[in-house]
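A structural walkthrough
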Amino acid sequence: MVAMPLPDKTALARRREIAAALRQFVPGEGVIEAPVEMRAYETDGLTAYRQMPLVVVLPETTAQVSAVLKYCHEQNIKVVPRGAGTSLSGGALPLADGVLLGLGKFNRILDIDYANRCVVTQPGVTNLAITQAVQHKGFYYAPDPSSQIACTIGGNVAENSGGVHCLKYGLTANNVLGIEMVLITGEVIRLGGKHLDSEAYDLLGVMTGSEGLLGVVTEVTVRILQKPETARAVLIGFPSNEDAGKCVADVISAGIIPGGMEMMDRPAIHAAEEFVHAGYPLEAEALLIIELDGCAAEIDHLIERVVTIAEANRSNSCRVSQSEDERLVFWAGRKAAFPAVGRISPDYLCMDGTIPRRRLPEVLQGMEDLSRHYGLRVANVFHAGDGNLHPLILFDANDPDELERAEKFGADILRLCVKVGGVLTGEHGVGIEKRDLMPEMFSEADLNQQQRLKCAFDAKGLLNPGKVFPVLHRCAELGRMVVRGGKLPHADLPRF
Amino acid sequence: MTSLKPATEAELVDMVQDALAQRTPLDVTGTGTKKGIGRPMQTAATLDLSGFSEIALYEPEELVITAGAGARLDDVRKLLDDKGQEFAFEPPDLSRLLGAPHSGTLGGMLACNLCGPRRLKAGAARDHILGVAGVSGRGEAFKAGGRVVKNVTGYDLPKLMASSYGTLAALTTVTFKALPKAESEETLVLEGLSDEDAVAAMSLAMQSSCEVSGAAHLPSALADGTAKTFLRLEGVPPSIAYRRDKLAKLLTASGSHLLATDASRAQWVALRDVHPLAAPDGRCVWRLSVAPMEGAKLVAALKPHIDMRWFYDWAGGLVWLAVPPENGASADAIRAALPSGHATLIRADESLRGQVPVFQPQAPALAALARRVKASFDPVGIFNPGRMQQESA
Ligand SMILES: Cc1cc2nc3c(=O)[nH]c(=O)nc-3n(C[C@H](O)[C@H](O)[C@H](O)COP(=O)(O)OP(=O)(O)OC[C@H]3O[C@@H](n4cnc5c(N)ncnc54)[C@H](O)[C@@H]3O)c2cc1C
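Note that the structure is predicted; figures quoted are calculated from it, not measured. (Residues numbered from 1 in each chain as written. Chains lettered and ligands numbered in written order. Predicted model: local features only at pLDDT ≥ 70, side-chain atom pairs only at ≥ 80, totals over all residues. Heavy atoms only, no water.)

1. Section: the overall build of chain B
- Counting its secondary structure elements, chain B contains 15 helices and 18 strands.
- Relative to a compact globule of 393 residues, whose C-alpha radius of gyration would be 21 Å, chain B shows 21 Å and is just as compact.
- Considering only C-alpha atoms, chain B reaches an extent of 70 × 50 × 35 Å along its principal axes.
- Out of the 393 residues belonging to chain B, those deemed buried represent 65%.
- The long-range share in chain B, meaning contacts at least 24 apart out of those at least 6 apart in sequence, stands at 71%.
- Carbon and sulfur atoms provide 52% of the accessible area of chain B, an area that totals close to 13,100 Å². (Helix = DSSP H or I, 4+ residues; strand = E, 2+ residues; numbered from the N terminus. Rg over C-alpha atoms; globule rule 2.2 N^0.38 Å. Buried < 20%, exposed > 50% of the residue type's maximum accessible area, 1.4 Å probe, protein only. Contact = heavy atoms within 4.5 Å. Areas by Shrake-Rupley, 256 points an atom, 1.4 Å probe, with all protein chains shown as cover.)

Quick look at the structure:
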């Protein structure tokens, strides 16, 4: 298990005083300190880790968030922001000595602006609710994480979440136009808006994916798109992972960027088929779901080309959806892959590495070897178009040794991803889960530079500490400069 | 002025360390084609990064290219084109507008966050940068991001390099996403619309499912006497044919005609590269990013007071404005009329750029944060000091 920093005893001792102070800013039920009520917040989507917070605060306005943060800053109290708590990397895991700041009451959509094709919303609104608010006009919000009925848009910004359609339509970062955020000092800052690109430093880009370490997002402006006229999916079985991987590369080389391109390996195919009976080919070693969207003329044209490419890559089964119902059935298995695996194993860990696609066969082979080594099964679902792997490691959390092995197995998979030129996480975030693996990808100088940026936002390191970075340096230490030649220019000297 | 031209990262580290020890502020530059954007700087030496020009890796089927930050955009464009790919964000060639000999380097493309008409669909350089390596103003080599299209490992420092104008780091290597070029394209041209009607038409087009990938408007003064509104469709031919008919039905305008692939391409290159306002006529050029429906209103508010020429891109969200240099290039009037968004002075002579803020002035808390971000990379202000913000002691 990843170790969290030791709690600050003085903060623990001051719990009642802190709760009382927070009540001055957030009245009534907005401050929770009873353990039974705080229980709901003790974990996020990474359920192997649990921790009760010091106190929970649920503000409703930006002014309240600002007052809470300003107080915590002055009093040196840690703060963990939280949306819906679906993070799979432990990003929203509470700290024993920290205030958990929940954004659940920021649940209103503020402005729907079709002419400018955007929606202004509070951060606690769910991802799906944005689409639901605009779909009667044919619009939708493109990034579609599988957790979209539950996860919040604020959490999406903090994690830069993706979905099965992000190869064509981009991640959260490419679909957010602006935010309002509050720094730990209580200062309120607006970045971007209904226009494109925030001029000067792209702090909006940096905030996206910053995992709650830089500021608390209190408002989000997203762009909305008109739904494609239709979509059709092709379900293609292959005799080997290599063939499926080659097919993906050939589709892209042919200049086709499908709306979605998902791959499943044999264990995932079987788990999903038993669960939802989508008619997946059980003899296949690998399955591709390729979805094409747009106008009918375009889809017909492209499907023909995709089928030809699949045949050239030895596909042994191929079905094109003939109706909207059938398309949804094709997807049902893939979308239910996690719960399907949950049915065949008491627990699973979902990993999230990304690799250059052509290294897929060797990475899958490596996983098979590791699976034997650790004595644990693994099933793979894979955002094939962009190389984002989701190996699901099957284990039983009641057996501490299995959890230990599962975590080691997961770490080895991520090391393998980095070794072939990939990264530790494609969309789930570092959180605590991958925190200690950061040095696999980054040198100390790389990590120090990232932490210096953190210092520019939060010099006292009070926002979500213990996440993302394996070693927490003090900002003063990071700011020190050693320059060859003996001279040590200091940050406080006058500028040129 | 001394010119330092490192050939390796180790040399670059040495040079920055030397500059730090001797307190020599550096003008961080690729090939200098965008020198005219930003406040004038007092630097003692040029740090010329054009030596980092190698293409380290280009894997079309992985949609990725890694190149030296000094690689020429023109060369890379050709390389991608040979494989039927491109930078989907359509980086412009601003050489005609800025009086530069060519379109500059990939490092400059990122540092200025370049993007073209397809910005409204495909994003800007910031949306396509995957990884960077370089040397900070502390004289330390670092890297960030990766070479895969999906990556949330650590802060997105590559995005932070976009529109940082060389003030944070001297970049050596950049990795970008490359995407397939559309097989063909067509442009529907509506004739004779007023600015307001054109913005309304472009908004309608963008709200449809026609997947318009470019929406620009040239008022009559810049279009041989008849205003023209351009709507671009890209993709496979059967799809374009269908969407063109649908779009034409949607916008029952008085007059319209079509540009086929070649003419369409040429037209969008001209719009992308700001040719309508590029003549070296002594005018200053502003680039305004606003909510699309605000573009024409903003122009209408300014028109009675300023002798100006203008056109719209991004369905009205981008306004290019050419004004006489008098009255500080009308900076105050333009910014006062701006409802939101930002106005950047893209072309003006050096003395003017010293007098009026080139970049949109920021609210105090944001300006202070930006200063701390700068200091986190470059604590003593050795890289391009004063280019973006007036340095304060
Ligand atoms: C079954 C399941 C499927 C999933 N599928 C996907 C998927 O397909 N793609 C994908 O990308 N992810 C997926 N996820 C992961 C998760 O849903 C996303 O990371 C999501 O964006 C988290 O949103 P949340 O509101 O639950 O945030 P939380 O889990 O509450 O918080 C996540 C992080 O964001 C921070 N945070 C939250 N709100 C704010 C705010 N307003 N301001 C500042 N920081 C904030 C927290 O501190 C924390 O670090 C899945 C999760 C589950 C359980």
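2. Some words on the site of the ligand
All names here are of chain A.
- Pro81, Gly83, Thr86, Ser147 and Thr152 are the nearest of the 32 residues found near the ligand.
- Between the ligand and the protein, one listed contact pairs an oxygen atom with a side-chain N or O atom of Thr152 at 2.7 Å.
- At a separation of 3.3 Å, a nitrogen atom of the ligand approaches a polar side-chain atom of Glu427.
- Across the complex, the protein chains shield 93% of the 980 Å² of accessible surface that the ligand would expose by itself.
- Those elements that provide at least two residues to the shell around the ligand are strand E3 (78–82), helix H6 (153–159) and strand E10 (216–223).
- Examining the composition of the shell around the ligand, we find that five residues originate from one element, H6, more than from any other.
- Classifying every residue of the shell around the ligand by side-chain character gives 11 nonpolar, 17 polar and four charged. (Near = heavy atom within 4 Å. Polar contact = N/O pair within 3.5 Å; in protein donor to acceptor, adjacent residues only side chain to side chain. Nonpolar A, V, L, I, M, F, W, Y, C, P; charged D, E, K, R; others polar.)

3. Here we look at the sheet that holds strand E18 (residues 388–395) of chain A
Residues and elements named next belong to chain A.
- Spatially, the seven strands line up as an open sheet ordered E15-E12-E14-E13-E17-E18-E16, and their pairing is antiparallel. Only two strands of the sheet have a single partner each, and these edge strands are strand E15 (317–320) and strand E16 (347–350). Averaged over all neighbouring strand pairs, the angle between strand axes comes to 15°, with direction disregarded. (Pairing = 2+ DSSP bridges. Axes fitted to C-alpha atoms, helices over the stretch in contact; angles between N-to-C directions.)

4. Digging into the interface of chain A and chain B
- Facing 99 residues of chain A, the contacting portion of chain B comprises 95 residues.
- Carbon and sulfur atoms make up 57% of the area that chain A and chain B hide from each other, which totals about 8,100 Å².
- In this structure, Arg358 of chain A engages Glu59 of chain B in a salt bridge whose closest nitrogen and oxygen atoms are separated by 2.8 Å.
- Run the count over chain A and chain B and you get 37 residue pairs in polar contact (both at pLDDT 80 or more).
- Broken down by secondary-structure element, the contributors of at least two residues to the side of chain A that touches chain B are helix H8 (172–175), strand E9 (188–192), helix H9 (203–207), helix H10 (241–253), helix H12 (296–312), helix H17 (438–441), helix H18 (444–457) and helix H19 (475–479) of chain A.
- The biggest single contributor to the side of chain A that touches chain B is H18 of chain A, with nine residues.
- Of the residues assigned to the side of chain A that touches chain B, the class counts are 46 nonpolar, 28 polar and 25 charged. (Buried area = accessible area lost by both parts, 1.4 Å probe. Salt bridge = Lys/Arg side-chain N within 4 Å of Asp/Glu carboxyl O.)

5. Looking at the sheet that holds E3 of chain A
Residues and elements named next belong to chain A.
- A sheet is described by the order of its strands in space; here four strands give the open sequence E1-E2-E4-E3, paired in mixed fashion. Here the strands that pair on one side only, and so sit at the sheet edges, are strand E1 (31–32) and E3.
- Packed on one face of the sheet, helix H2 (residues 15–25) meets E1, strand E2 (55–57) and strand E4 (98–102) and runs near 10° to E2.
- Across the sheet, helix H4 (residues 62–74) is in contact with E2, E3 and E4; its angle to E4 comes to roughly 170°.

6. Structural notes on the domain arrangement of chain B
Residue and element names in this part refer to chain B.
- Taken as a whole, chain B is organised into domain 1 (2–180), domain 2 (184–272) and domain 3 (279–355).
- Taken together, the contact pairs 13 residues of domain 1 with 11 residues of domain 3.
- Each partner contributes to the roughly 1,100 Å² buried at the junction of domain 1 and domain 3, and carbon and sulfur atoms together form 61% of this total.
- Area buried by domain 1 at its contact with domain 3 is led by Pro40, Leu97 and Leu120, which between them contribute 40% of it.
- Our count for the contact surface shared by domain 1 and domain 3 stands at zero salt bridges.
- For the side of domain 1 that touches domain 3, the secondary structure elements donating two or more residues are helix H3 (95–98) and helix H5 (119–122).
- Across the side of domain 1 that touches domain 3, the residue classes break down as seven nonpolar, three polar and three charged. (Domains from an automatic or database assignment.)

7. Here's the deal with unusual backbone geometry
All names here are of chain B.
- For Arg23, which is not glycine, the phi dihedral falls at a positive 55°.
- Take Arg23: it is sitting in the loop between helix H1 (9–22) and strand E2 (26–29).
- Although it is not a glycine, Ala329 adopts a positive phi angle of roughly 55°.
- You can see Ala329 is positioned in helix H12 (residues 326–329).

8. Side note on the state of the cysteines
- This structure, assessed with the given rule, holds one disulfide over all chains.
- There is a disulfide in this structure between Cys455 of chain A and Cys475 of chain A, and the S-S distance comes to 2.0 Å. Every disulfide takes its handedness from the sign of the S-S torsion; for Cys455 of chain A and Cys475 of chain A that torsion is -90°, giving left-handed. Here Cys455 of chain A is found in helix H18, whereas its partner Cys475 of chain A is found in helix H19, with 20 residues between them in sequence.
- What makes Cys455 of chain A buried here is its relative accessible area of 14%.
- With no disulfide of its own, Cys318 of chain A has Cys247 of chain A as its nearest cysteine by sulfur position, at a separation of 8.9 Å.
- In this structure Cys112 of chain B is a free cysteine whose sulfur lies 11 Å from that of Cys115 of chain B, the closest cysteine sulfur available. (Disulfide = S-S within 2.5 Å.)

9. Focus on the environment of Ala11 of chain A
Residues and elements named next belong to chain A.
- Along the chain, the position of Ala11 falls in helix H1 (residues 9–13).
- Along the sequence, Ala11 and Gly98 sit 87 residues apart, while their C-alpha atoms lie 7.9 Å from each other.
- Beyond its immediate stretch of four places on either side in the chain, Ala11 contacts Ile18, Leu54 and Asp97.

10. As for the side chain of Arg117 of chain A
- Within the secondary structure layout, Arg117 of chain A lies in the loop between strand E5 (109–113) and strand E6 (118–121).
- Here Arg117 of chain A occupies a buried position and makes no salt bridge, while the nearest side chain of opposite charge, Asp113 of chain A, is found at 7.9 Å.
- Among residues more than four places away in sequence, those in contact with Arg117 of chain A are Phe139, Val222, Arg223 and Ile224 of chain A together with Ser203, Met206, Gln207, Pro292 and Ala315 of chain B. (Lys, Arg positive; Asp, Glu negative; His and termini not counted.)

11. What about the packing of helix H8 (residues 195–207) of chain B against helix H11 (residues 295–302) of chain B?
Residue and element names in this part refer to chain B.
- Close contact between H8 and H11 brings their axes to 9 Å; oriented N to C, the two are set at 170°. Judged by the inter-axis angle, H8 sits roughly antiparallel to H11. The segment H8 lies against H11, with Asp195, Glu196 and Val199 engaging Ala296, Val299 and Ala300. (Parallel < 35°, antiparallel > 145°, perpendicular 65-115°, else oblique.)

12. As for the environment of Thr221 of chain A
All names here are of chain A.
- Tracing the sequence through the fold places Thr221 in strand E10.
- A relative accessible area of 5% means that Thr221 is categorised as buried.
- Expressed as a C-alpha distance, the spacing of Thr221 and Cys318, which sit 97 residues apart in the sequence, is 41 Å.
- Excluding anything up to four places from it in sequence, Thr221 contacts Cys118, Val119, Val120, Val176, Leu177, Gly178, Gly193 and Lys194.

13. Describing helix H14 (residues 337–344) of chain A
All names here are of chain A.
- The set of residues buried in H14 consists of Ala337, Ala340 and Val341. In a view along the axis of H14, the buried residues occupy a sector of 95°, so they form one face of it.
- Its buried side turned inward, H14 meets strand E13 (260–265), helix H11 (266–276), helix H13 (324–335), E16, strand E17 (378–383) and E18. (Arc of directions from axis to C-beta.)

14. Focus: the confidence of the model for chain A
- Per-residue pLDDT for chain A has a mean of 94; in total, 97% of the residues score no lower than 70.
- With pLDDT under 50 throughout, residues 488–496 of chain A is counted as low confidence; its partners more than four residues away or in other chains account for 22 contacts. (pLDDT = per-residue confidence, 0-100.)

15. With respect to the packing of aromatic side chains
- Tallied over the entire structure, the rule returns 12 aromatic pairs over all chains.
- Judged by centre distance (4.9 Å) and plane angle (55°), the rings of Tyr165 of chain B and Phe359 of chain B are tilted. In this pair, Tyr165 of chain B sits in the loop between helix H7 (157–161) and strand E9 (169–177) while Phe359 of chain B sits in the loop between helix H14 (350–355) and helix H15 (364–377), placing the two residues 194 residues apart along the sequence.
- With a relative accessible area of 8%, Tyr165 of chain B lands in the buried category.
- A connected cluster of aromatic rings, assembled from ring pairs, spans Phe87, Phe89 and Phe176 of chain B.
- The ring of Trp331 of chain A has Lys335 of chain A sitting right over it, with the charged end atom 6.0 Å from the ring centre.
- A cation sits over an aromatic face here: Arg232 of chain B above Trp268 of chain B, 4.8 Å from the ring centre. (Phe/Tyr/Trp six-rings, centres within 6.5 Å; stacked < 30°, edge-to-face > 60°. Lys NZ or Arg CZ within 6 Å of the ring centre and 35° of its normal.)

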